[in-house]
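Fold and geometry: a report
Take a look at the letters that make up each chain.
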Amino acid sequence: MARSLLCKAVGVLQLSRTPAPLTGTRFYSQTEPEPLTVRQQSNGIRRIILNNPKKRNALSLSMLESLRENILTEATSDDLRVIILSAKGPVFSSGHDLKELTSAQGREYHTKVFHTCSEVMTLIQDIPVPVIAMVNGVATAAGCQLVASCDIAVVTEKSTFATPGVNVGLFCSTPAVAIGRAVPRKVAMEMLFTGTPISAHDALLHGLVSKVVPEERLEEETLAIAQRVCEASRPVVALGKATFQRQMAQGRDAAYATASKVMVDNLALRDGQEGIRAFIEKRKPVWSNKAEKAHD
């Protein structure tokens, strides 16, 4: 679904003569005077900031649509190398806006909310660049799902993670898709059945996040990872990310068959051969960052 969405968006962007601005782009809902999200980009690093702290950065339909647009805009551009997703305020995201989930909104609206949310979560994993969650606070329900969907998550020591939907009568079934693929089954089930928050260090222990750092070092540590990604070849990273996601859904033998073929394909890339030559010649590689072949 997300791959189809990405392909359609790329087609639209290629037809446009006027590219969308890369820095300082903001998305407004019709009901919110403040921008729901802020997008900035510099030196290959795109920053997407959830910007509705008064509502605990709830993933309302408008917020999800803005986030989707932030991710899709020029997603295949060579200038985009990595995305950092963060939030303003003490809550990274509290999950869905429960006011949108009452009977008054109706089944059709509810379906649209969860369909859009699923699109965003899968899009994060399907786009050709890594997505890093930079978390400094609380991430619950779909907010926790958002963290689990990212490729890398750097969080502060005070951050906590929970799926408390069961306590308000709405089991976190869609967050469970991402969380259940990130942490051991029994850990996921305890989170889902009790809604009890886990600490940043427990999240690290169980594999929900990548790194726990002091609050004053969050920006530095996250940017260091992003800058390291920018030093690699874009098509090699894109090929590796897509292959990792695909083989993880396969059985062992099928996964090895998939990965072995992709290794051969990687070697055929111009940047694949440049990296090997640079290693042999004891020099730094000079990447083309183009998905061009060195041989068939």
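Everything in this summary refers to the structure shown in the same document.

Rules used throughout
- Residues numbered from 1 in each chain as written.
- Predicted model: local features only at pLDDT ≥ 70, side-chain atom pairs only at ≥ 80, totals over all residues.
- Heavy atoms only, no water.
- Buried < 20%, exposed > 50% of the residue type's maximum accessible area, 1.4 Å probe, protein only.
- Helix = DSSP H or I, 4+ residues; strand = E, 2+ residues; numbered from the N terminus.
- Pairing = 2+ DSSP bridges.
- Phe/Tyr/Trp six-rings, centres within 6.5 Å; stacked < 30°, edge-to-face > 60°.
- Contact = heavy atoms within 4.5 Å.
- Expected span 1.5 Å × (residues − 1).
- Axes fitted to C-alpha atoms, helices over the stretch in contact; angles between N-to-C directions.
- Salt bridge = Lys/Arg side-chain N within 4 Å of Asp/Glu carboxyl O.

1. Regarding the pairing of strand β6 (residues 131-135)
Most of β6 sits inside the fold, with 5 of its 5 residues counted as buried. Residues Val131, Ala133 and Val135 point to one face of β6 and Ile132 and Met134 to the other, with burial holding for every one of them. Judged from the 3 bridges that link them, strand β4 (residues 82-87) and β6 form a sheet pairing that is parallel. From the neighbouring strand, Ile84 faces β6, where its bridge partner is Ile132. Here β6 pairs with strand β8 (residues 152-156) via 4 bridges, running parallel. Bridge pairing in β8 links Met134 to Val154.

2. Some remarks on the packing of aromatic side chains
What the rule picks out here adds up to 1 aromatic pair. Judged by centre distance (5.9 Å) and plane angle (55 degrees), the rings of Phe171 and Phe193 are tilted. One end of the pair, Phe171, is in the loop between β9 (160-162) and α5 (173-179); the other, Phe193, is in helix α6 (residues 185-194), and 22 residues separate them in sequence. Of the residues examined, Phe171 reaches a relative accessible area of 33% and is grouped as partly exposed. We classify Phe193 as exposed; its relative accessible area is 52%.

3. A look at the side chain of Asp271
Examined against the element boundaries, Asp271 turns out to sit in helix α11 (residues 270-280). In contact with Asp271, not counting residues within four places along its chain, are Ser233, Pro235, Val236, Trp287, Ser288, Asn289 and Lys290.

4. Thoughts on helix α9 (residues 234-248)
The terminal C-alpha atoms of α9, which comprises 15 residues, lie 21 Å apart, in line with the 21 Å expected from a rise of 1.5 Å per residue. Every buried residue of α9 is listed here: Arg234, Pro235, Ala238, Lys241, Thr243 and Gln247. Those residues of α9 hidden inside the fold are in contact with α3 (107-126), β6, α10 (252-268) and α11.

5. Some remarks on the sheet that holds strand β5 (residues 91-93)
Consider a sheet: its strands pair through backbone hydrogen bonds, and that pairing is either parallel or antiparallel. Strand order in the open sheet made by the 4 strands is β5-β7-β9-β10, with mixed pairing throughout. Of all strands in the sheet, those bounded by a partner on one side alone are β5 and β10 (198-199). Bridging between β9 and β10 involves 2 bridges; their strand directions are antiparallel. The residue bridging Thr160 from the neighbouring strand is Ser199, located in β10. The sheet contacts of helix α4 (residues 142-149) involve β5, β7 (138-140) and β9, and relative to β7 the element is tilted by about 100 degrees.

6. Some remarks on the pattern of salt bridges
A pair can form between side chains of opposite charge whenever their charged atoms are brought close. In this structure the tally under the stated criterion is 14 salt bridges. The shortest N-O distance in the salt bridge between Lys290 and Asp78 comes to 2.5 Å. Taken as a pair, Lys290 in the segment after α11 and Asp78 in the loop between α2 (61-72) and β4 lie far apart in primary sequence, 212 residues in all. Taking relative accessible area as the criterion, Lys290 reaches 39% and is therefore assigned partly exposed. According to the relative accessible area criterion, Asp78 is partly exposed, its value standing at 35%. Among the ionic pairs, Arg217 bridges to Glu221, the shortest N-O distance being 2.1 Å. Taking relative accessible area as the criterion, Arg217 reaches 36% and is therefore assigned partly exposed. Residue Glu221 is classed as buried on the basis of its relative accessible area of 13%.

The quantities given are spatial measurements derived from coordinates; they are silent on function.
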